[in-house]
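This is what each chain is made of:
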Amino acid sequence: MRLNHLDLHVPDVAATRDFFVSVFGLTEVETRGANGLAILRDDAGLELVISRPVEKFGGADAVSVGRNTYHIGFIQPSREAVDLLFERAKSSGCEIWKPPSAIRGNWSFYCFAPGRILIEVGWRMDLALLVNHLLSIGCYP
């Protein structure tokens, strides 16, 4: 089984769509209506749907509720890629807590997309890379 899509509810679909396209490089597949629903896709095929909350299904967005109950994460292939996304996010004017740093064994940072969507951007060195690095610098005989 493969996860097909995530639907994130926000008050301003266009602003959130534009953020994910310009900062994270997602591709806009389709936008329905002026501010109704946007379908974005990442390079691995996951669809990220940005829409307004649907009341009849009990939907709400983080701005109107005043709480964040989830976050989404983007894994990067290198520490440098995290740093590059940090600079893009910072240039976009989004809220960022602090620059990338070592957090729980990852190199990562957190920011908010329009609509108060909490995003984690990180890189983690896998064990094989770590062992090869330690061997290359003479840590093991």
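Rules and cut-offs
Residues numbered from 1 in each chain as written. Predicted model: local features only at pLDDT ≥ 70, side-chain atom pairs only at ≥ 80, totals over all residues. Heavy atoms only, no water. Helix = DSSP H or I, 4+ residues; strand = E, 2+ residues; numbered from the N terminus. Buried < 20%, exposed > 50% of the residue type's maximum accessible area, 1.4 Å probe, protein only. Polar contact = N/O pair within 3.5 Å; in protein donor to acceptor, adjacent residues only side chain to side chain. Contact = heavy atoms within 4.5 Å. Pairing = 2+ DSSP bridges. Axes fitted to C-alpha atoms, helices over the stretch in contact; angles between N-to-C directions. Salt bridge = Lys/Arg side-chain N within 4 Å of Asp/Glu carboxyl O.

**Q** Help me out: how do you make sense of the side chain of T16 in this one?
**A** Assignment of secondary structure puts T16 in helix 1 (residues 13-24). The class of T16 is buried, set by a relative accessible area of 0%. Here P114 takes part through its backbone oxygen, which lies 2.9 Å from a polar atom of the side chain of T16. Those residues in contact with T16 that lie beyond four places of it in its chain are V10, I50, P114, G115 and I117.

**Q** Where do I start with the sheet that holds strand 7 (residues 106-113) in this structure?
**A** Backbone-to-backbone hydrogen bonds pair the strands of a sheet. The strands run either parallel or antiparallel. Strands sit in the order 5-8-7-6 across an open sheet of 4 strands; the sheet is mixed. Every other strand in the sheet has two partners, leaving strand 5 (72-75) and strand 6 (101-103) as the edge strands with one partner each. With strand direction ignored, the average angle separating the axes of adjacent strands in the sheet is 40 degrees. Pairing of strand 7 with strand 8 (residues 117-123) involves 7 bridges; the strand directions are antiparallel. Within strand 8, the position partnered with F109 by the bridge is V121.

**Q** Please clarify how the pattern of salt bridges should be interpreted in this entry.
**A** Should their charged atoms come close, side chains of opposite charge can pair. For the structure shown, the criterion picks out 5 salt bridges. Taking the shortest distance from any N to any O, the salt bridge between E30 and R32 comes out at 3.0 Å. Classification of E30 as partly exposed rests on a relative accessible area of 33%.

Everything listed here is a matter of coordinates, which is why it stays silent on function.
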